[in-house]
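Okay, here's what each chain looks like letter by letter:
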Amino acid sequence: MMNKRVYGILGISAVMANWNADFTGCPKSTSEGRIFGSDKAFKYPMKKLWEQKGEKVLYIKSLKFEEDDKNGVMLIPKTLKERYEGLFGVSDLKQSKNSKDVLKNLFQAIDVKNFGATFAEEKNNISITGAVQFGQGMNYYEDSEVLEQQILSPFRDPLAKEKSKTKEDAEGQEAKNSTLGTKIVSDEAHYFYPFSVNPLAYKEYVELGVTEGYTEEDYETFKKTSLVAATSYATNAKEGCENEFGLFVETAPDCYLPNLTSMIRFEKGEDKNKISVLCGSLLNEMKEQIEKVEIYYNPSTTEIETDIEGVKCYHIFTQKEV
């Protein structure tokens, strides 16, 4: 089991993109109008990248065909039970009466090993608090604007004829044309997520003999994936989103640090943006408990300002020291 804690910040930039939409399609925001991204928005591309690499990922959407007499063959999402059975080669979870085996299987899933799980299926009511905990990623660029784009579909609305009966002739003619859609994006946003890694979260499960605990290898896998997952995840909505910052503070196992995003400042520049990491006074005062501090960023687009003693800076894409 890894014998240290880790605290840090992960930054995502979104340019003409929508990193995390709400149910209306707009970038998710607080009641005061400040744009933010949920922890789920960050974890999802990490899970997709792990899945693409052949790792076992439990909590991710998967599909199957289901046939019935009324609707024919339909494409539907699998249940958690079906996902578990397929992932771990279990014929029927209902027949599994050994909770120890279920726990062992759960810890084999890389997303569960990192983020924990709530598993309430077939007499197995299990809740695992993850070693890795994310906060909400607040947007630190104050001049962000939400833009709405109209998109012309290549297809006609099949209900156009019915609609035209209740509209004026001109509107009815318009209804016969291709349908319109919308795409809502932020012109620019910069999200900063706080996170922590606490290997002791699995101490009880190690004692139960269902896992070896959160290891140094687990942490390195998390770290590597967290620095590239957003960049690697290219969809229509996520195109324009990429990893732009990472701060990793490795400490002694009994060291406790606050949310470090309160000590981050973002400034928009003409040639390069500037990210100020203002936690130096805190970390320098606790340097006996601090093992290592690393900052990852893109020198082509960003300047870093910090007063942290002994910090090492790396290119976020090449992983080479700057």
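The coordinates are above.
Rules used in this analysis
The written sequence of each chain sets the order in which its residues are numbered from 1. Only residues with pLDDT of at least 70 get local features here, since the model is predicted, and only at 80 or more are side-chain atom pairs given and counted; chain-wide, interface and lining totals rely on the full set of residues. Excluded from the side-chain calculations are hydrogens and water; all other atoms, namely the structure's heavy atoms, are used. Using a 1.4 Å probe on the protein chains alone, a residue whose accessible area is under 20% of its type maximum counts as buried, one over 50% counts as exposed, and one in between counts as partly exposed. A helix here means a DSSP run of H or I that spans at least four residues, while a strand means a run of E at least two residues long, and both kinds are numbered starting from the N terminus. Only buried residues count toward a nonpolar core. Its members are Ala, Val, Leu, Ile, Met, Phe, Trp, Tyr and Cys residues joined through side-chain atoms within 4.5 Å. Pairs of residues are marked as contacts when any of their non-hydrogen atoms sit within 4.5 Å. Two strands are said to pair when DSSP picks up at least two bridges between them. Each salt bridge in this description consists of a side-chain nitrogen of Lys or Arg and a carboxyl oxygen of Asp or Glu lying within 4 Å of one another.

A.B. asks: It is not clear to me how helix α2 (residues 80–88) should be interpreted in this structure. Could you clarify?
C.D. replies: Note that an α-helix has 3.6 residues per turn; residues three or four places apart therefore point the same way. Looking at α2, one finds that the buried residues are K81, R83, Y84, E85 and F88. A positive backbone phi angle near 65° is found at G89, which sits one or two residues after α2.

A.B. asks: Just checking my understanding: could you explain the nonpolar core for this structure?
C.D. replies: One recurring pattern in soluble globular proteins is that nonpolar side chains are buried together. With 52 residues, the main nonpolar core has W19, L106, I128, F134, V197, Y214 and F222 as its most contacted residues. Setting aside residues up to four positions removed in sequence, Y214 forms contacts with M1, M2, K113, N114, A131, V132, V197, P199, Y202, Y219 and F222. Within the second largest apolar cluster, 27 residues are counted, among which are I264, I275, L283 and M286.

A.B. asks: Explain the pairing of strand β14 (residues 290–297) to me, please; I cannot follow it from the model alone.
C.D. replies: Consecutive residues of a regular strand have side chains that alternate between opposite faces of the sheet. With six of eight residues buried, β14 is to be regarded as a mostly interior element. Inspection of the sheet shows strand β11 (residues 241–251) paired to β14 by seven bridges, in the antiparallel sense. Within β14, the position partnered with V249 by the bridge is V293. In terms of strand pairing, β14 meets strand β16 (residues 312–315) through four bridges, oriented parallel. Note that in β16 the partner of I295 across the bridge is C313.

A.B. asks: Looking at this structure, how should I read the pattern of salt bridges?
C.D. replies: Where charged atoms from two side chains of opposite charge come close, those side chains can pair. Using the criterion set out here, one finds 20 salt bridges in the structure. In this structure, K287 and E309 form a salt bridge, with 4.0 Å as the shortest nitrogen-oxygen distance. Of this pair, K287 sits in the loop between α10 (280–285) and β14 while E309 sits in the loop between β15 (302–306) and β16, placing them 22 residues apart in sequence. The exposed category is assigned to K287, whose relative accessible area is 55%. Connected through shared salt-bridge partners, K4, E216, K223, E250, K292 and E294 make up one network.

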